[in-house]
Amino acid sequence: IYRGVLEPPKGKLPDDWEAREQLLFKSTDYGDDVDRALQKPDDSYTYFAADLAYAQDKIERGFETLVYMLGADHGGYKKRMEAAVSALSDKKAKADIKLCQLVNLFKDGEPLKMSKRAGNFETVRDVLDSVGKDILRFIMLTRKNDMVMDFDMDKVKEQSKENPVFYVQYAHARAKSLLRLAEEQSPDALKLSHSPDVATLALLDQDQEIAMIRDLANYPRMVESAAVACEPHRVAYFLHELAASFHSLWNSGNQEEGLRFIVAGQPQLTAARLALARAVAIVVASGLSILGVNPAEELR
């Protein structure tokens, strides 16, 4: 921290520009393009000064990685915050800056045109009241933060394969419905499905079944990689792919009786497939809980 005079901004000078001595942070020593002001002309502190204080507080509490969520229009803050965290921690901590792109709202197939000056705009509360928190959270987390998103307020409420949140919720509801049906049609197989033996599980030898088992087994590693990379959209994508596999397996049973989850006269095979359906429900519910979304027990 030092008192000095910044060079004028490159290009055309602003009308209110004047060279003056002020309190500065020497961020150029830590990879930034220019040093940054910490006080305004009236000696009040800048937003950046408050950001330094917050970073210092986090570092003193032992955090080694500080994650910042910023709008894409604040991309210029990236270097100064990385410099600040590096300086305050003696290069022992780092700032991980996530720049979030814009969300374009659509209604009735048309983009919602908004103007703060005219008082015409949609707030997050408006969207929340219209579609509900579960839909809003899931759809927002289906894309990486640095990608522009088109959010259609009508399509996200459709009950169709094109709506990812419905598609995933339907997989959970379908698995739960299957287990309820098994209570009536095959209670012995349902009981066995809670703790099937190796021989029973070995009956899951269809290509689709084996592929789904592999997907389920990969779930913990996927969650870990999503956490390390700070990319929750990986969870949403995984759930959508798992739901597609489950729906495909279900539809195969509609076409060929021997591929159904409940097979008359074959309690062990039924138990194995019910165990697979229960595993799908457990993983989908777990993934949705990570995203803050409640799993649907049934859909109407």
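Data block above holds the structure.
Computed from a predicted structure; not experimentally measured. (Residues numbered from 1 in each chain as written. Predicted model: local features only at pLDDT ≥ 70, side-chain atom pairs only at ≥ 80, totals over all residues. Heavy atoms only, no water.)

### Concerning the overall build of the chain
Each helix and strand counted, the chain has 11 helices and 8 strands in total. Relative to a compact globule of 300 residues, whose C-alpha radius of gyration would be 19 Å, the chain shows 27 Å and is clearly more extended. Taken along its principal axes, the extent of the C-alpha atoms in the chain is 90 × 50 × 25 Å. Out of the 300 residues in the chain, the part that is buried amounts to 37%. Taking contacts inside the chain between residues at least 6 apart in sequence as the whole, the part at least 24 apart equals 64%. With an accessible surface of roughly 18100 Å², the chain has 51% of that area assigned to carbon and sulfur atoms. Here the chain holds 39 positive side-chain charges and 46 negative ones, and the gap between their average locations is 1 Å. (Helix = DSSP H or I, 4+ residues; strand = E, 2+ residues; numbered from the N terminus. Rg over C-alpha atoms; globule rule 2.2 N^0.38 Å. Buried < 20%, exposed > 50% of the residue type's maximum accessible area, 1.4 Å probe, protein only. Contact = heavy atoms within 4.5 Å. Areas by Shrake-Rupley, 256 points an atom, 1.4 Å probe, with all protein chains shown as cover. Lys, Arg positive; Asp, Glu negative; His and termini not counted. Charge placed at Lys NZ, Arg CZ, Asp CG, Glu CD.)

### Side note on the sheet that holds strand E2 (residues 21–25)
On the basis of which strands lie adjacent, the open sheet formed by 3 strands has the order E1-E2-E3 and antiparallel pairing. Both edges of this open sheet fall to strand E1 (2–5) and strand E3 (36–37), since each of them pairs with a single strand only. Two strands pair when backbone bridges link them, and E1 and E2 are joined in this way by 4 bridges, in the antiparallel orientation. Residue pairing across strands places glycine 4 opposite glutamine 22, the latter belonging to E2. (Pairing = 2+ DSSP bridges.)

### Considering the sheet that holds strand E7 (residues 110–111)
Strand order in the open sheet formed by 3 strands is E7-E6-E8, and the pairing between neighbours is mixed. Edge strands, defined here as strands with exactly one partner in the open sheet, are E7 and strand E8 (149–152). For strand E6 (residues 103–107) and E7, the ladder comprises 2 bridges, and the chain directions are antiparallel. Residue pairing across strands places lysine 107 opposite glutamate 110, the latter belonging to E7.

### Observations concerning the packing of aromatic side chains
On inspection of all chains with the given rule, the structure shows 7 aromatic pairs. Between the aromatic rings of tyrosine 219 and phenylalanine 238, the centroid separation amounts to 5.6 Å while the plane-to-plane angle is 40 degrees, which identifies the pairing as tilted. A residue pair is termed long-range when its members are at least 10 positions apart, and tyrosine 219 in helix H9 (residues 219–229) and phenylalanine 238 in helix H10 (residues 233–255) qualify at 19 residues. Classification of tyrosine 219 as buried rests on a relative accessible area of 10%. Taken together, the ring pairs in this structure connect Phe25, Phe48 and Tyr77 into an aromatic cluster. Across the ring face of tyrosine 47, the terminal group of lysine 40 is positioned such that the distance to the ring centre comes to 5.6 Å. (Phe/Tyr/Trp six-rings, centres within 6.5 Å; stacked < 30°, edge-to-face > 60°. Lys NZ or Arg CZ within 6 Å of the ring centre and 35° of its normal.)

### A word on the pattern of salt bridges
Any two side chains of opposite charge can pair if their charged atoms end up close together. All chains considered together, the criterion is met by 12 salt bridges. Among the salt bridges present, the one from glutamate 21 reaches arginine 3, with a minimum N-O distance of 3.2 Å. Of this pair, glutamate 21 sits in strand E2 while arginine 3 sits in strand E1, and the two are 18 residues apart along the sequence. A relative accessible area of 47% places arginine 3 in the partly exposed class. If you follow the salt bridges from partner to partner, you end up with Lys144, Glu231 and Arg234 in one network. (Salt bridge = Lys/Arg side-chain N within 4 Å of Asp/Glu carboxyl O.)

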